[in-house]
Amino acid sequence: MKNKKLKYIFVAGGVMSGVGKGVSVSSIAKIIQWQGLKVTCVKIDPYVNVDAGTMNPTEHGEVFVLSDGLECDQDMGNYERFLGENLSRSNYLTTGSIYLDVIKKERALKYDGRCVEVVPHIPLAILAKINQAAIESQADVIIVEIGGTVGEYQNILFLEAIRILKTKKPADVVLALVSWLPYQGLGSELKTKPTQYAVRTINAVGLQPDVIIARAAFALDQKRKEKIAFNCNLKEEEIISAPDIKIIYEAPLNFERDNLGRVILKKLNLKKKYKKTDRLVWSKLIRTVKTAKAELRIGVVGKYFASGNFILSDSYISVIEAIKHAAYFFKRQPIIEWLSADDFDPAYVKTKVKENLLKLKKLDGVIVPGGFGSRAVEGKINAIRFCRENKIPFFGLCYGMQLMVIEFARHLTGLNQAQTTEIDPATPAPVIDILPEQKNNLTNQAFGATMRLGSYPAILAEKTIAAKAYGQTKISERHRHRYEVNPAHVETLTKAGLIFSGFSPDKRLMEIAELPKNKHPFFLGVQFHPEFQSYPLKPQPLFKEFIRACLKRRLIGNQK
Ligand code: GLN
């Protein structure tokens, strides 16, 4: 069925990347949702990769996984967190995926023998995919983020798609440009010239922005708004100030201060069905977060941090957000400490390992997130052991859970050579082993989109930390892995005291491992990625339980 009344908002970036286009899109979506309208978001990545699954996190940030198993860009995570809704694989496309669709269609003679050309066939395929996402979600408004920055060769065909659509449906399309105003310090002013150039660049491909979202270190003054409006063919009310903020969830409220919702609705000739309470609940959350004083220190032990001289927390963005959501629930200000796993491995730092491990005691809790391959593994295992032996709350996510099981096996079951076959296929104690259905994929080098991906159900054992946290015994969580706890070792591990509190309905796959509360305040690992289903107003249950244990530790610590 065709969605006749569909309205489109395209968001492109000017000046440079990394100025918060994803948060802008999520915030516009939130504002539209506050008007009582059904909204969905699409992310377009200009890469030739068919999806984000084959990219290294230091290259491209976290790989987010949707319920239906698509591996995609981290912005999709932002959209879901802001909207509080599940998106589907129709909501994500890349240059690679579009070309693949068009080429498959051509091979299937679907173009009736015509010459298939870059223009118009690629932009038309892009528009078809966008419409499909809108139909699937029954949206009134679809917001499409164009990856990259205007002026690049890479996203030109996506801009051409907007031009074609705007020509056909001028009243139904709004183009927002997220730009950036540099500030050179005291005595200077916010500079509008780069934004003016960005607008001219997008004008050159036949497009005029309807709204400019002006990112800058602080809010725009009237003069800057006048200047941008005058030079970029817009009205002052169409220039929206987007100052730096500490809490990304504040962005929609900021945009509303400049009436972005009203401006967009007017342009699209849309009527609001205002749901006031939603916005109030959101504002209340922001107020709580801003006024929360007490801190909470969580260490994240990982390896995807370094990129030259920068720390790339983007690699673990969903983990960070999930920590925040749970901390906000308890009115705490989370402080996240990045701990490089190498600091806990004598092979990398000869003398200081003990000292570094002792520093973990100052934290309220430790997380070992997902990962791949052998690098940094021994450091992570040492950190996990220290947390277990010193009763520091520990939460292992995917690889973090697998390494927790290896640590437990090595030190408590006598399997001192315990290992995952991901690292050593010939290990004598393969406590973590490849899923049988994965073996052919590796042999055939079929790496793309072939892991165990997306949502799977799990059953929880009653009276466990996991069951208590969820408040139910049937759950569904998102996955992204090839290896699992080896069923052949489950009995040995269980006998030594590890509880498998979550498992697949056929009991074949172990989903959650934990130590009982009388042995450790919180020592729990999950084979899935709970961080992909955490929302600002609805923290993920296990993150909430972990933070609760961290707070308890803090209280006990303070009493000493
Ligand atoms: N490398 C592990 C596996 O493939 C864990 C993956 C992850 O942490 N996402 O099973």
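Before reading on, note that the structure itself is shown above.
In what follows, the accompanying structure is described.

Scoring rules and cut-offs
- Residues numbered from 1 in each chain as written.
- Predicted model: local features only at pLDDT ≥ 70, side-chain atom pairs only at ≥ 80, totals over all residues.
- Heavy atoms only, no water.
- Near = heavy atom within 4 Å.
- Polar contact = N/O pair within 3.5 Å; in protein donor to acceptor, adjacent residues only side chain to side chain.
- Areas by Shrake-Rupley, 256 points an atom, 1.4 Å probe, with all protein chains shown as cover.
- Helix = DSSP H or I, 4+ residues; strand = E, 2+ residues; numbered from the N terminus.
- Nonpolar A, V, L, I, M, F, W, Y, C, P; charged D, E, K, R; others polar.
- Patch = residues over 30% accessible without salt bridge, like charges linked within 9 Å, V, L, I, M, F, W, Y side chains within 5 Å.
- Salt bridge = Lys/Arg side-chain N within 4 Å of Asp/Glu carboxyl O.
- Lys, Arg positive; Asp, Glu negative; His and termini not counted.
- Charge placed at Lys NZ, Arg CZ, Asp CG, Glu CD.
- Buried < 20%, exposed > 50% of the residue type's maximum accessible area, 1.4 Å probe, protein only.

Attention now moves to the site of the ligand. Lining the immediate environment of the ligand, one finds Gly370, Gly371, Phe372, Cys398, Tyr399, Gln402, Glu422, Arg480, His481, Arg482, Tyr483 and His529. Between the ligand and Tyr399, the relevant distance is 3.0 Å, taken from an oxygen atom to a main-chain nitrogen or oxygen of the residue. With respect to the ligand, the backbone of Arg480 contributes an N or O atom lying 2.9 Å from a nitrogen atom. Protein coverage of the free-state accessible area of the ligand, which is 300 Å², stands at 98%. Listed by contribution, the elements that provide at least two residues to the shell around the ligand are helix H15 (399-412) and strand E19 (474-481). Of the residues assigned to the shell around the ligand, the class counts are four nonpolar, five polar and three charged.

With that settled, consider a positive patch on the surface. Among the surface-exposed residues, Lys193, Arg200, Lys223 and Lys227 lie close enough to one another that they form a single positively charged patch. For the positive patch, the elements supplying multiple residues, two or more each, are helix H7 (193-203) and helix H8 (222-231). With respect to the helices, strands and loops of the structure, Lys223 is situated in helix H8.

Take Tyr8: it is sitting in strand E1 (residues 7-13). Judged by relative accessible area, Tyr8 falls into the buried class, the value being 2%. Each C-alpha atom, one on Tyr8 and one on Asp140, is 8.7 Å from the other, the two residues being 132 residues apart in sequence. At 2.6 Å, the side chain of Tyr8 forms a polar contact with the side chain of Asn131.

Moving on: a nonpolar patch on the surface. On the surface, a nonpolar cluster with roughly 340 Å² of combined accessible area is contributed by Tyr183, Leu186 and Phe218. Locating Leu186 in the fold gives a position in the loop between strand E7 (173-180) and H7.

As for its position among the elements, Phe503 is in strand E21 (residues 499-503). Here Phe503 falls in the buried class, since its relative accessible area comes to 16%.

Here we take up the pattern of salt bridges. Scanning all chains against the criterion turns up 37 salt bridges. Residue Asp68 pairs with Arg89 through a salt bridge whose shortest N-O separation is 3.8 Å. Here Arg89 lies in the loop between helix H3 (74-83) and strand E5 (92-94) and Asp68 lies in the loop between strand E3 (63-65) and strand E4 (71-73), a separation of 21 residues in the sequence. Its relative accessible area of 33% is what places Asp68 among the partly exposed residues.

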